[in-house]
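Here are the chains, one letter per residue:
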Amino acid sequence: MASIAPIFRKAYLSLFCGVSLYILALVALTNPWLQRHVLYAHKLQSPAWWSDINKPEQFGFAKNQITPFNFTTPDRETIYAWHVMPLGLYAKHESEILKQPSGCAEDISRMTTFRLLRDTPNSLLIINFHGNAGTVAQGWRTDSYRSLSDGSTSNIHILTIDYRGYGLSTGFPTESGLIIDGIAAVDWAINVAKIPTSRIVILGQSLGTAVTAGVVEHYAREGVNFAGVVLVAGFTSLSNLLPNYSIGGVLPLLAPLKAHPALWHLFQSHLADKWQSATRIANFVRLSKRVRLFIIHSNDDHEIPWSNAEGLFIAAANATTNGGMDVSLIERMKARATVHMGNGAFISTWKTGGNKIIREQIVAYGHHSRILTYATVSLAVLKAFGLDAGESFPP
């Protein structure tokens, strides 16, 4: 009978090599440049590798329904953006829109689509901040624009951007840089497109919820209120997220560190970007005079656990009170204002007399990105715009 000792030696050697490579990878990830490449995944641009995002009709849109263009940030980065027209409005002006030049607009103010956004008194605008990796044309994003820009209303436009370092935008992504990009997008909407903030909804998904939190906190400090804020598949902070995050929903890269708190704290101390979204959302709620905040997450999100939505809700609800409340009390009050819908789905509503309303909705299905195309997100936008005849927040 053959000796099993060589088998054990090979197993131990394989284990040793695997652990060594894992430790080396962790050490490498303490380098800010490499860390940010992994975190933001901005070089993963499928389908842009073989598609021209300046031709949005490749993704199922009508000719010139989307106008690609660029704007410049205060620190001189060039940000690539799409203006998505609602199909109903496009249908009314199709012959004129077809005459405008296609591709990336050199001067968007000369485009018919832009003039319809700026000059129509009841134009509504969603400013969309996408998640990490890819471009404005990545994955489910293009389908979500069709869902959000509801053709029947004819007046909900979308502005969606590629952050610095993504797609055709210049620069390299950092936490402060992405927030600058988001603020610049809102400034463009206010000062160039002339859309009042009462007709703007800020929507973010995944990483985009962290950008959204930074942007709305900035404007809350300036006393600016929006029609609504929608957070889809968000997280409370990067340090809370990473030990539980699974790449693609299948690879929990940093999960082993949960068993070694000292090692995790050491790694955490080397995070270049923090993304303290719960703190920023709390500041936004505390500083704003009017809040319509929607927190949406899927129960079957295998990348970011839906417990993050709970954390964001508690932080936001706590910020509506003077001096804060005990979490257990918030949870008891929340339970009284929760409607359960089966399969783990529910809606919780938090209202204050000061015109601040927060709604958390956990849906049974939708995974991490596909949820963007679901009715739940589109309904949140419609409710934020007040297009629901007063049914925004049931008791």
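Structure first, text after, so check above.
Residues numbered from 1 in each chain as written. Predicted model: local features only at pLDDT ≥ 70, side-chain atom pairs only at ≥ 80, totals over all residues. Heavy atoms only, no water.

## Notes on the pattern of salt bridges
The test is simple: Just to be clear on terms, a salt bridge is a Lys or Arg side-chain nitrogen sitting within 4 Å of an Asp or Glu carboxyl oxygen. In this text, helices come from DSSP runs of H or I with a minimum length of four residues, and strands from runs of E with a minimum of two, each type numbered from the N-terminal end. Three exposure classes are used, based on accessible area relative to the maximum for each residue type with a 1.4 Å probe and protein chains only: buried under 20%, partly exposed in between, and exposed over 50%.
Inspection of the entire model under this criterion finds 12 salt bridges. The partner of Asp119 in a salt bridge is Arg118, and the shortest N-O contact between them spans 2.8 Å. A salt bridge links Glu217 to Arg280; the shortest N-O distance between them is 3.7 Å. One end of the pair, Glu217, is in helix α8 (residues 207-221); the other, Arg280, is in helix α11 (residues 277-287), with 63 residues separating them in the sequence. Side by side, Glu217 and Arg280 carry an identical accessibility label, which is buried. Three or more residues are tied together by salt bridges with common partners; here these are Glu175, Glu217, Arg221 and Arg280.

## Remarks on the sheet that holds strand β9 (residues 345-352)
How we decide: Whether two strands pair comes down to DSSP finding at least two bridges between them. Axis definition: a line fitted to C-alpha atoms, limited for helices to the stretch in contact. Angles are taken between N-to-C directions and run from 0 to 180 degrees. Any two residues having at least one pair of non-hydrogen atoms within 4.5 Å are treated as being in contact.
Strand order in the open sheet formed by 10 strands is β1-β2-β4-β3-β5-β6-β7-β10-β9-β8, and the pairing between neighbours is mixed. What marks the edges here is a single partner per strand, and that holds for β1 (66-72) and β8 (338-342). The sheet shows a mean angle of 15° between the axes of neighbouring strands, taken without regard to direction. Pairing of β9 with strand β10 (residues 356-363), which is carried by seven bridges, proceeds in the antiparallel orientation. Along β10, the bridge assignment pairs Thr352 with Lys356. Here helix α5 (residues 112-119) sits on the sheet and contacts β1, β2 (78-84), β3 (124-129) and β4 (156-162); the angle it forms with β2, its principal contact strand, is near 75°. Where helix α7 (residues 175-191) meets the sheet, it contacts β1, β2, β3, β4 and β5 (200-205), and its direction lies at approximately 165° from that of β3.

## A few points about the packing of α7 against α8
Helix packing for two helices is described by the angle between their axes and how far apart those axes are. Filter applied, for reference: When describing relative orientation, an angle under 35 degrees is termed roughly parallel and one over 145 degrees roughly antiparallel, while 65 to 115 degrees is termed roughly perpendicular and anything else oblique. Whether a crossing is left-handed or right-handed is set by the direction in which the near helix is turned from the far one by less than a right angle, anticlockwise for left-handed and clockwise for right-handed. Think of it as three bins: nonpolar holds Ala, Val, Leu, Ile, Met, Phe, Trp, Tyr, Cys and Pro, charged holds Asp, Glu, Lys and Arg, and polar takes everything else, Gly as well.
The N-to-C vectors of α7 and α8 enclose an angle of 60°; their axes lie 9 Å apart at closest approach. The orientation of α7 with respect to α8, classified from their angle, is oblique. In the crossing of α7 with α8, the sense of the turn from one axis to the other is right-handed. Of α8, the residues touching α7 (which contributes Leu178, Ile179, Gly182, Ile183, Val186, Asp187 and Ile190) are Leu207, Val211, Gly214, Val215, His218 and Tyr219. When grouped by side-chain class, the residues that make up the contact of α7 with α8 number nine nonpolar, three polar and one charged.

## Considering the packing of aromatic side chains
Put simply, the test is: Centre distance within 6.5 Å is the pairing criterion for rings of Phe, Tyr and Trp, where only the six-membered ring of Trp is used; planes under 30 degrees apart are then read as stacked, over 60 as edge-to-face, and the remainder as tilted. Any Lys NZ or Arg CZ that is within 6 Å of a ring centre and within 35 degrees of that ring's normal is treated as a charge sitting over the ring.
What the rule picks out here adds up to 10 aromatic pairs. On the numbers, 6.3 Å between centres and 45° between planes, the contact of Phe69 with Phe71 is tilted. Phe71 shares its class with Phe69; the two are buried. Members of the aromatic cluster, connected to one another through ring pairs, are Phe59, Phe61, Trp82 and Tyr145. A cation sits over an aromatic face here: Arg146 above Phe61, 4.5 Å from the ring centre. For the cation-ring pair, Lys334 lies above Phe313, with the distance from its terminal atom to the ring centre recorded as 4.9 Å.

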